[in-house]
Protein chains: 2
Amino acid sequence: MELFSRSVELVAIPRGTPRVEDFRIVQTPVPPLGPDQILVRNAFMSLDPSMRIRMRGEDSDYLAPYVVGGVLDGFSVGTVVQSTSARIPVDSLVRHHAGWRDIAVVDAEGDSWRQPQVIEPTGIRRAQEYLGPLGPSGLTAWAGLLKVAELRPDDVVFVSAAAGAVGSMVVQIASILGNRVIGSAGSADKVDYVRSIGADAAFSYRDGDILGQLRRCAPNGIDVYFDNVGGEQMAAALELINARGRIALCGMVAGYGDEVMGQLPGNLFSAIAKGITLRGFLARMYAECLPEFTDQVSGWLDDGSLTYRYSIAEGLDSAPQAFIDMLTGRTAGKALVALP
Amino acid sequence: MELFSRSVELVAIPRGTPRVEDFRIVQTPVPPLGPDQILVRNAFMSLDPSMRIRMRGEDSDYLAPYVVGGVLDGFSVGTVVQSTSARIPVDSLVRHHAGWRDIAVVDAEGDSWRQPQVIEPTGIRRAQEYLGPLGPSGLTAWAGLLKVAELRPDDVVFVSAAAGAVGSMVVQIASILGNRVIGSAGSADKVDYVRSIGADAAFSYRDGDILGQLRRCAPNGIDVYFDNVGGEQMAAALELINARGRIALCGMVAGYGDEVMGQLPGNLFSAIAKGITLRGFLARMYAECLPEFTDQVSGWLDDGSLTYRYSIAEGLDSAPQAFIDMLTGRTAGKALVALP
């Protein structure tokens, strides 16, 4: 019996916020496995803000751009149903990079960051955690705070998009480590959630006067800013950051649909006067930290000190709308699509 | 006999490039020394681009702003002619912060960065070196390259304003240490000078196509950018910097007269994708490195591997025009005023 894979293709380069018409579902026969490949039935696929950047149709130093008329990809977890790999037997649960489809043929070896990893969920560990707190989103939060911003014991931390997949972990890690942490988010509900997971103060950027709100939350300034959005919140952080402060540049989602990305409001000069460090990073730059990261975060998950929220859409057909919902702030926590 | 001091006052907040009418010379009687003070007859005063920032009339985290109707200040060297300080005897040569005047009354103790330092020129060491390669400009170059940008053996270095007081030392230190170094400057003469002091390649930003010129000088990209100017050269550096590159934010002289300083062209996003570090600094943040810096740079001066150029204006009356000349690129090397 011939096997078919359903997958999501990019139909057009979106302008601004993508529309569902920019995507379409295609069905293609699954070819027989070549040597050292696995056939995976995906259980969950990850939706990440960075995917919007890959839809800009531009070559860049970032992840490779998606191609119009080509199938999208991204991190996913699933069960191996066929294998020609000695390393990965049938029935393994794997995290791999062939998301946006229900059935995937994946090379067992390759680029170390994207190659399939066998994961071993225990009773209390659910498969989706390997796309969330124990996945790239989790590593982004952990490495950004501890390695990129070099968090110190008395630092006051500010994180934007604090209810999101990355931000909610930044809030919790800083809080677990005893730092004062301030989070911003885009609705009253999200602000409540950010407080509930350990933020000492939180505000909604949609209420306006971002600088004033941040100043009230951080009367003595901030020492670390974990930037997920760029724009006005970056400007406010640069204004209020203390001497020798550190800014982890993680994302600038506010500008992902703009003609020119990454425009910074005009006060970088204060970075000189205050001796500020701004450091950009991607999770894969800290792949060598995976064992240390996995150990520490597993411990926090196991003892209940770290919790995690998902927005799970059902079925591949819902993936384009779920992606748009994530970009426009209508999801909370980690956005996933379940592929039954 | 009553002693008078001639000094330079700020008359108005300059708009854009300052005019000589924004300054005036005033003459005031010198008061008798209080306890722990010295009376210094200045020999040279330093002119620094950062002084333009202090003329913006804004409170900032930078150096304290100059006050309209008040005397300017800045680093200066001179001879002590009276003293009530046990630490600093008469006839000492001192570097201190009461420049822009011929005779200065200075507190012997105070803020560690600005307090008078007794300096000891030897036969081959001239007093002005303590405002140049062994002064704050020299420390800026040395610390910016070695401590802020954390120069590594194979780094390709790009420095803007490479014929200037700071830039010319950056070029030479990188060259002495065996790194490939590219400099930009504002005229063909300056470009020749930059090459003559060790730059492997150099170009004039006034010839246009900064990105193209830099790309031709650095076909394999750059690893370190020592930024003295901001603006278009920063944009080109961000475009061509290699993964994990480092940018020392030293000055943004291109924008010192602008309404909003420090505006960055729109590609900070690439800092994320490439894992770039941008770090601002002021020389005084590295005051603890002074002994190491002085040792190393004295050695290079003594053995002739490091040379230094001065643009010396004569007399206090010429100071305002000399300052304007420096800001508009009509000086080369370290701008000083000799006070006979």
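Within each chain, residues carry numbers counting from 1 in the order of the written sequence. Ligands are numbered from 1 and chains lettered from A, in the order in which they are written. Reporting in this predicted model follows two pLDDT cut-offs: at least 70 for local features of residues, and 80 or more for side-chain atom pairs to be given and counted; totals over whole chains, interfaces and linings ignore these cut-offs and use all residues. The side-chain numbers reported here are obtained from all heavy atoms of the structure, hydrogens and water having been left aside.

Secondary structure summary: chain A contains nine helices and 15 strands in total. Computed over C-alpha atoms, the radius of gyration of chain A comes to 20 Å, within 12% of the 20 Å expected from 2.2 N^0.38 for 340 residues, which places it in the range of a compact globule. Across its three principal axes, chain A shows a C-alpha extent of roughly 65 × 45 × 35 Å. Long-range contacts, defined here as pairs at least 24 residues apart, represent 68% of the contacts in chain A between residues at least 6 apart. Accessible areas in this description were obtained via Shrake-Rupley with a 1.4 Å probe; residue shielding takes into account the shown protein chains only. Per element, the accessible surface of chain A, about 13,300 Å² overall, is 49% carbon and sulfur. All tallies of charge rest on Lys and Arg as positive and Asp and Glu as negative; His and the ends of each chain are not included. Charged side chains are reduced to one point each, which is NZ for Lys, CZ for Arg, CG for Asp and CD for Glu. Counting 30 positive and 39 negative side-chain charges, chain A places the averaged centre of each group 4 Å from the other. Helix numbers and strand numbers start at the N terminus; a helix is a DSSP run of H or I with at least 4 residues, a strand a run of E with at least 2. Only C-alpha atoms enter the radius of gyration; for comparison, a globular chain is expected to reach 2.2 Å times N to the power 0.38, where N is the number of residues. Contacts are residue-level and defined by heavy atoms, with any inter-residue pair within 4.5 Å sufficient.

Backbone hydrogen bonds are what pair the strands of a sheet, in a parallel or an antiparallel way. In space, the twelve strands of this open sheet follow the order β10(A)-β9(A)-β8(A)-β11(A)-β12(A)-β13(A)-β13(B)-β12(B)-β11(B)-β8(B)-β9(B)-β10(B), with mixed pairing throughout. Where the open sheet ends on each side, the last strands, each with one partner, are β10 (201–204) of chain A together with β10 (201–204) of chain B. With strand direction ignored, the average angle separating the axes of adjacent strands in the sheet is 15°. By this definition, two strands are paired if DSSP reports at least two bridges between them. Summarising the sheet, strand β8 (residues 156–159) of chain B and strand β11 (residues 222–227) of chain B pair through three bridges and their orientation is parallel. Its bridge partner lying in β11 of chain B, valine 159 of chain B is registered against phenylalanine 226 of chain B. Under this scheme, a helix contributes an axis fitted over its contacting stretch, all axes are lines through C-alpha atoms, and angles between N-to-C directions fall in the 0 to 180 degree range. Packed onto the sheet, helix α6 (residues 231–240) of chain B meets β8, β9 (180–185), β10, β11, β12 (241–249) and β13 (277–280) of chain B and runs at close to 150° relative to β12 of chain B.

Time to look at unusual backbone geometry. All names here are of chain A. Here aspartate 91, not a glycine, exhibits a phi torsion of approximately 80°, which is positive. Within the secondary structure, aspartate 91 is located in the loop between β4 (76–83) and β5 (93–96). Between buried and exposed lies partly exposed: a residue is buried under 20% and exposed over 50% of the maximum accessible area for its type, with that area taken using a 1.4 Å probe on protein chains only. On the basis of relative accessible area, aspartate 91 is assigned to the exposed category, the value being 64%.

A word on helix α9 (residues 319–327) of chain B. In an α-helix, one turn spans 3.6 residues, which is why side chains three or four residues apart end up on the same side. All names here are of chain B. With seven of nine residues buried, α9 lies mostly within the body of the structure. Along α9, the residues classified as buried are Ala319, Pro320, Ala322, Phe323, Ile324, Asp325 and Met326. Packing partners of the buried residues in α9 comprise β1 (4–10), β2 (23–29), β3 (37–46), α1 (50–54), β14 (310–314) and β15 (334–338). Just beyond α9, the residue with positive phi is glycine 329, at close to 80°.

As a further point, take the pattern of salt bridges. If charged atoms from side chains of opposite charge come close, those side chains can pair. Salt bridges are defined as contacts in which a side-chain nitrogen from Lys or Arg sits within 4 Å of a carboxyl oxygen from Asp or Glu. Tallied over the full model, the rule gives 28 salt bridges over all chains. Across the salt bridge formed by arginine 24 of chain A and glutamate 9 of chain A, the nearest N and O atoms sit 3.0 Å from each other. In this pair, arginine 24 of chain A is assigned in strand β2 (residues 23–29) and glutamate 9 of chain A in strand β1 (residues 4–10), connecting sequence segments 15 residues apart. A residue is classified by how much of its surface remains accessible, and glutamate 9 of chain A, at 11% relative accessible area, is buried. One salt bridge connects aspartate 22 of chain B with arginine 19 of chain B, and the closest N-O pair in it is separated by 3.0 Å.

Here we come to the pairing of strand β5 (residues 93–96) of chain B. All names here are of chain B. Burial of β5 is two-sided: the residues Leu93 and Arg95 facing one way and the residues Val94 and His96 facing the other way are all buried. In terms of strand pairing, strand β4 (residues 76–83) meets β5 through four bridges, oriented antiparallel. Within β5, the residue paired with threonine 79 across the bridge is leucine 93. In terms of strand pairing, β5 meets strand β7 (residues 117–119) through three bridges, oriented antiparallel. Looking at the pairing, leucine 93 lines up with isoleucine 119 of β7.

With that settled, consider the packing of helix α2 (residues 136–148) of chain B against helix α8 (residues 290–302) of chain B. Residues and elements named next belong to chain B. Close contact between α2 and α8 brings their axes to 11 Å; oriented N to C, the two are set at 105°. Accordingly, the angle class assigned to the pair α2 and α8 is roughly perpendicular. Counted together, Gly138, Leu139, Trp142, Leu146 and Lys147 of α2 and Leu290, Glu292, Phe293, Gln296, Val297 and Trp300 of α8 form the full contact between these two elements. Gly is placed with the polar residues, together with every amino acid not listed as nonpolar (Ala, Val, Leu, Ile, Met, Phe, Trp, Tyr, Cys and Pro) or charged (Asp, Glu, Lys and Arg). In terms of residue class, the contact of α2 with α8 is made up of seven nonpolar, two polar and two charged. The labels follow the angle: roughly parallel below 35 degrees, roughly antiparallel above 145, roughly perpendicular from 65 to 115, and oblique for the rest.

Every buried residue belonging to helix α5 (residues 210–217) of chain A is among Ile210, Gly212, Gln213, Leu214 and Cys217 of chain A, and all of these are buried. Those residues of α5 of chain A that are buried are in contact with β8 (156–159), β9 (180–185), β10 and α6 (231–240) of chain A.

Stacked, tilted and edge-to-face are the three classes applied to pairs of Phe, Tyr and Trp rings, where Trp contributes its six-membered ring and a pair requires centres within 6.5 Å; stacked means planes under 30 degrees apart, edge-to-face means over 60, and tilted covers the rest. Taken as a whole, this structure holds 20 aromatic pairs over all chains when the rule is applied. Pairing phenylalanine 158 of chain B with tyrosine 225 of chain B gives two aromatic rings, centres 4.8 Å apart and planes at 15°, and the pair type is stacked. Of the two residues, phenylalanine 158 of chain B sits in strand β8 while tyrosine 225 of chain B sits in strand β11, which places them 67 residues apart along the sequence. Comparing phenylalanine 158 of chain B with tyrosine 225 of chain B shows no difference in burial state: the two are buried. One aromatic cluster is present, formed by Phe23, Trp100 and Phe323 of chain A through successive ring pairs. In our convention, an over-ring charge means Lys NZ or Arg CZ found within 6 Å of a ring centre and within 35 degrees of that ring's normal. A cation over an aromatic ring shows up here: arginine 309 of chain A above the ring of tyrosine 193 of chain A, its NZ or CZ 3.5 Å from the ring centre.

All names here are of chain A. If you trace the backbone, aspartate 155 turns up in the loop between α2 (136–148) and β8. Note on aspartate 155: relative accessible area 6%, which makes it buried. For aspartate 155, the side chain forms a polar contact with the main-chain nitrogen of arginine 152, separated by 2.7 Å. Here a polar contact is taken to be a pair of N or O atoms separated by no more than 3.5 Å, where protein atoms must pair a possible hydrogen donor with a possible acceptor and residues adjacent in sequence count only if both atoms sit in side chains.

Put simply, a nonpolar core is a bunch of buried Ala, Val, Leu, Ile, Met, Phe, Trp, Tyr and Cys residues held in one set by side-chain atoms that sit within 4.5 Å of each other. Of all hydrophobic cores here, the largest spans 169 residues; its most connected members are Ile182 of chain A together with Ile182 of chain B. Every residue in contact with isoleucine 182 of chain B, bar those within four places of it in the chain, is listed here: Val156, Val157, Phe158, Val159, Ala201, Phe203, Leu214, Cys217, Ala218 and Ile222 of chain B.

Residue and element names in this part refer to chain B. Looking at the secondary structure, you find serine 204 in strand β10. The buried category is assigned to serine 204, whose relative accessible area is 5%. Residue contacts for serine 204: discarding those within four places in its chain leaves Ala185, Gly186, Ser187, Val191 and Gln213.

This part is about the pairing of strand β12 (residues 241–249) of chain A. Residue and element names in this part refer to chain A. Bridge count for strand β11 (residues 222–227) against β12 is five bridges, and the pairing is parallel. Bridged to aspartate 227 within β12 is leucine 249. Classification remark: right-handed applies to a crossover when, strands pointing away from the viewer, the course from the first strand over the helix to the second runs clockwise. You can see the chain leave β11, run along α6 and come back into β12, and the turn it takes is right-handed. Bridge analysis of β12 against strand β13 (residues 277–280) gives four bridges, and the strand direction is parallel. Each residue of the ladder has a partner; that of isoleucine 247, found in β13, is leucine 278.

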